[in-house]
Amino acid sequence: MNHHLSASEKKIWILIQEKIKEKVTPQQFTTWFSGLNLIKLTTKEIHFHAPNSFCSEWIENNYMDAVVLSLKEASISNRKVKFVADNSSSEPEPGVQNNYPSPNTDSPTLINKNYNFNNFLVGPCNRMAHAAALAVSESPGTAYNPLFIHGSVGLGKTHLLHAILLRLQEKGHKALYLPCESFVNHYISTIKTGDWDNFRSKYRQIDVLLIDDVHFLANSQSTREEFFHTFNALYTRQKQIVLSSDCPPEEIPTIEERLISRFRWGLITRVDPPGFETSVAIIQKKTALLKMDISYDVACYLADNVISSIREIEGTLTNIHKYAAMNDGKVDLNLVKQIIRGFSKQKQNIGIEKILDTVTKHYGVQLSQLHSKRRLKSITLPRQIAMHLARKFTNLSLGEIGGYMGGRDHTTVMHADDKIKKLKSVDRSVSSSIRKLEDTLTKKK
Ligand code: ADP
Ligand code: MG
């Protein structure tokens, strides 16, 4: 399509693109936005042309916030945004230049050799998942098929998938690991090239397929369709399938029942945040690896204060390691306290009272209702949003926030925070409410 833009429209389009670039990664920009064109701009509407409907659908489902914000920043808000694709099917126009990155068939996904079973610490939070992962590595295709591991971020899902892969490769199995996003990208680029033989042979002529973060499938119906066929092809030949996700199958938005039921054929297991003792053990193991000497007291203090995920524990330890290097390598409780406090200072410190006040006003509920044990949706949503905002804007620990929320414990706060983060990305009304609340909270008076 040839679109004639006036000079001023061209300028605006360049500005919009710059604003979008600030909000997404370079890879995301090339994949989704480089093929986009501005085709119509009036005082009421703005239309973009996308290379195909798959691309426009994806942008609408995943990047609308970025687009709308970019338009606002380019001073052209309050217009109806529309994406136009060449045809209603996902088939590309012949001869259109391929804007998608080519599938990394020759540059395989990087595997972290440290993510092996030896380095994985087992505790009550991950015992089941670990045992199942080991069983699958012992007898792929027969133990648990598929194996589905879910849990929130930073709790070791990728670590376990890599560990299975490494163990199976050692034993000479043909195993393939990839993030779900790569599967989706490969699918999209195959729509462009039409090389389905290559696509299907890649995923079907293997003994073991490990796909990380399958909640990503929520974004595209046609990819789910293809994934379903891949799954069946492997399963009927008793090939092992291992999947991870940040939520249980039935909570993946838009996912079809037939896929959920496939996942139930095998074992579904959850990794939980580490409890106190496991945290201490992990901290001791990681500090030993970093050749850092810390006392049991310090390990306990850390376990008490950094509890949301194992990734966060690692991040904190790396920071402590850096500071310790400047401090003759000494790590004592004072230093650790300073460091933790120093980092949390970076949060804008908004009082919990203000958060509770803003949330109750916005939703027209009473503070006592937030404190109560009632599970009406009209109350649980504001309650969980309040906890989410408290995590984001205050320095309070999970336990302290729970205290302000009618004496709830730290796992409740953590789950609420996770839940809202997820909901924000799939539910427009929730995300817009949160944006409004955040605007109110951060407004300078
Ligand atoms: P997820 O995929 O669930 O988001 P990762 O597997 O990326 O989490 O884990 C985050 C970090 O925490 C990684 O560096 C990983 O090695 C580490 N980690 C997670 N669980 C454990 C564990 N049980 N023992 C040791 N390290 C762990
Ligand atoms: Mg992961």
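Residues numbered from 1 in each chain as written. Chains lettered and ligands numbered in written order. Predicted model: local features only at pLDDT ≥ 70, side-chain atom pairs only at ≥ 80, totals over all residues. Heavy atoms only, no water.

Brief notes about the packing of aromatic side chains
Aromatic ring pairs are described here by two measures, namely the spacing of the ring centres and the angle between the planes. As enumerated under the stated definition, the model contains 18 aromatic pairs in all. Here Tyr235 and Trp265 contribute two aromatic rings whose centre-to-centre distance is 4.9 Å and whose plane-to-plane angle is 45 degrees, an arrangement assigned as tilted. With Tyr235 in helix H9 (residues 221-236) and Trp265 in the loop between helix H10 (257-264) and strand S8 (267-270), this residue pair connects regions lying 30 residues apart in the sequence. You can call Tyr235 partly exposed: its relative accessible area is 27%. Taken together, the ring pairs in this structure connect Phe148, Phe183, Tyr187, Trp196, Phe199, Tyr203, Phe227, Phe231, Tyr235, Phe263 and Trp265 into an aromatic cluster. Cation over ring: Lys21 sits above Phe29, and NZ or CZ is 5.0 Å from the ring centre. Lying across the ring of Phe228, Arg258 places its NZ or CZ 3.8 Å from the centre. (Phe/Tyr/Trp six-rings, centres within 6.5 Å; stacked < 30°, edge-to-face > 60°. Helix = DSSP H or I, 4+ residues; strand = E, 2+ residues; numbered from the N terminus. Buried < 20%, exposed > 50% of the residue type's maximum accessible area, 1.4 Å probe, protein only. Lys NZ or Arg CZ within 6 Å of the ring centre and 35° of its normal.)

Examining the nonpolar core
In this structure, Trp32, Phe33, Phe48, Ile59, Ile211 and Phe227 are the most contacted members of the largest nonpolar core, which totals 54 residues. Looking at this core, the element that brings in the most residues is helix H7 (residues 180-193), giving six residues. When residues of this core are assigned to domains, at least three map to each of domain 1 (7-85) and domain 2 (108-270). Not counting chain neighbours up to four residues away, the residues in contact with Trp32 comprise Phe54, Cys55, Trp58, Ile59, Tyr63, Asn185 and Ile188. One finds Leu356, Leu381, Ala386 and Ile420 within the second-largest nonpolar core, a separate group that totals 25 residues. (Core = buried A, V, L, I, M, F, W, Y, C linked by side-chain atoms within 4.5 Å. Domains from an automatic or database assignment. Contact = heavy atoms within 4.5 Å.)

A look at the domain arrangement of the protein chain
The domains assigned to the protein chain are domain 1 (7-85), domain 2 (108-270), domain 3 (276-344) and domain 4 (352-442). A C-alpha centroid distance of 33 Å is found between domain 2 and domain 4.

A few points about the sheet that holds strand S4 (residues 147-150)
Note: strands within a sheet are paired through backbone hydrogen bonds, in either parallel or antiparallel orientation. One open sheet accounts for five strands, arranged S5-S6-S7-S4-S8; its pairing is parallel. For this open sheet the edge positions go to strand S5 (175-179) and S8, each flanked by a neighbour on one side alone. Each adjacent strand pair in this sheet contributes to an overall mean axis angle of 15 degrees, direction not counted. Of the pairings in the sheet, the one linking S5 to strand S6 (residues 208-212) comprises five bridges and is parallel in character. Across the sheet, the residue bridging to Leu176 is Leu209, located in S6. (Pairing = 2+ DSSP bridges. Axes fitted to C-alpha atoms, helices over the stretch in contact; angles between N-to-C directions.)

Some remarks on the pairing of strand S1 (residues 37-41)
Pairing between S1 and strand S2 (residues 45-50): four bridges, direction antiparallel. Paired with Lys40 across the two strands is His47, which belongs to S2. Remark: three residues form the turn of the hairpin made by S1 and S2, two consecutive strands paired antiparallel.

Comments concerning the side chain of Asn219
Inspection of the secondary structure assignment puts Asn219 in the loop between S6 and H9. Here Asn219 is in contact with Glu57, Trp58, Asn61, Asn62 and Arg224, once residues within four sequence places are set aside.

Some remarks on the sheet that holds S1
Pairing within the open sheet is mixed, and its three strands lie in the order S1-S2-S3. This sheet does not close on itself; its edge strands, each paired only once, are S1 and strand S3 (80-85). Averaged over all pairs of adjacent strands, the angle between their axes in this sheet comes to 25 degrees, without regard to strand direction. Packing against the sheet, helix H3 (residues 53-62) makes contact with S2 and S3, and its axis sits at approximately 155 degrees to S3.

Section: helix H2 (residues 26-33)
If you check which residues of H2 are buried, you get Phe29, Thr31, Trp32 and Phe33. Residues of H2 that are buried make contact with helix H1 (7-23), H3, helix H4 (64-73) and H7.

Describing the pattern of salt bridges
As a working rule, side chains carrying opposite charge can pair if their charged atoms are close by. Counted by the stated rule, this structure contains 16 salt bridges. A salt bridge links Asp65 to Arg435; the shortest N-O distance between them is 3.5 Å. One end of the pair, Asp65, is in helix H4; the other, Arg435, is in helix H20 (residues 428-442), with 370 residues separating them in the sequence. Owing to a relative accessible area of 40%, Arg435 belongs among the partly exposed residues under this scheme. Between Lys286 and Glu314 there is a salt bridge whose closest N-O contact spans 2.5 Å. On the criterion of sequence distance, the pair formed by Lys286 in helix H11 (residues 276-289) and Glu314 in helix H13 (residues 310-326) is long-range, its members being 28 residues apart. Its relative accessible area of 18% is what places Lys286 among the buried residues. Judged by relative accessible area, which is 31%, Glu314 ranks as partly exposed. Each of Arg200, Arg204 and Glu226 takes part in salt bridges that share partners, so that together they form one network. (Salt bridge = Lys/Arg side-chain N within 4 Å of Asp/Glu carboxyl O.)

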